[in-house]
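Report on the structure
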Amino acid sequence: MKREEFLKKSCPIMVLSILATAEMMISCQDSITEEPISKEESEYLTRLKDIGTKGYLQEQANVYINMKHDTYYPLSTVNNFVNDQINGILILRKDASTILAFDNCCPHLGSRDQWSYKSSKFTCANHGNSFGINTGQIANCNSNTNFGNLKAYKTTLYKDLLTINFS
Ligand code: FES
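For clarity, every value in this text was computed on a predicted model and none was experimentally measured.

The helix and strand tally for the chain stands at two helices and twelve strands. Element order for the chain, N to C, with α for helix and β for strand: α-α-β-β-β-β-β-β-β-β-β-β-β-β. Within the chain, the proportion of its 167 residues that are buried is 34%. Counted over contacts in the chain with a minimum sequence separation of 6, partners at least 24 positions apart contribute 41%. Looking at the chain as shown, the accessible area adds up to about 11,000 Å², and 53% of this sits on carbon and sulfur atoms.

Here you go:
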């Protein structure tokens, strides 16, 4: 077959093939176009980025915590707690979907580093006083009190980002 003849027969097929490939590429591109993300999701991604390797971020009246960070990883198990002494909070995994946060200042004489947790009560080993995790009858930090509930803070969990609000 001469060159001219070959081109006459082959060109239309090649052009059609190129057009079909281009169409497929456009279709694929359309299908991977990302959906716009929600405001909540956008804030979540920004916070995680800002938290970085430290595991937490203090900002105004909030502390943001990456629950996947090594420091907070024990909170993936129900009834485990973390005494976060940098932020002054006891963080408790109450159940599969609930995380609670409390002032880690003992209402008796203010110790912050001797807490244990059992049967819905935190016990301070300094003088052996126990405090509840319920609402009402709040025992304030270092108030020479030996009963009542620890001061709680509002918590919000979105994916693996915990927000604790001190206001
Ligand atoms: S300081 Fe905690 S029990 Fe006394």
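Turning next to the packing of aromatic side chains. For the structure shown, the criterion picks out seven aromatic pairs. The interplanar angle of 75 degrees and the centroid separation of 5.3 Å between the aromatic rings of tyrosine 44 and tyrosine 158 together place this pair among those described as edge-to-face. Placement of tyrosine 44 in helix 2 (residues 39-51) and of tyrosine 158 in strand 11 (residues 152-158) is noted, with a sequence separation of 114 residues between them. Tyrosine 44 gets classed as buried once you look at its relative accessible area, which sits at 9%. Each member of the aromatic cluster is reached from another via a ring pair, and the members are Phe81, Phe102, Trp115, Tyr117, Phe122 and Phe131. Cation over ring: arginine 47 sits above tyrosine 64, and NZ or CZ is 4.1 Å from the ring centre.

Reading guide: rules and limits
- Residues numbered from 1 in each chain as written.
- Predicted model: local features only at pLDDT ≥ 70, side-chain atom pairs only at ≥ 80, totals over all residues.
- Heavy atoms only, no water.
- Helix = DSSP H or I, 4+ residues; strand = E, 2+ residues; numbered from the N terminus.
- Buried < 20%, exposed > 50% of the residue type's maximum accessible area, 1.4 Å probe, protein only.
- Contact = heavy atoms within 4.5 Å.
- Areas by Shrake-Rupley, 256 points an atom, 1.4 Å probe, with all protein chains shown as cover.
- Phe/Tyr/Trp six-rings, centres within 6.5 Å; stacked < 30°, edge-to-face > 60°.
- Lys NZ or Arg CZ within 6 Å of the ring centre and 35° of its normal.

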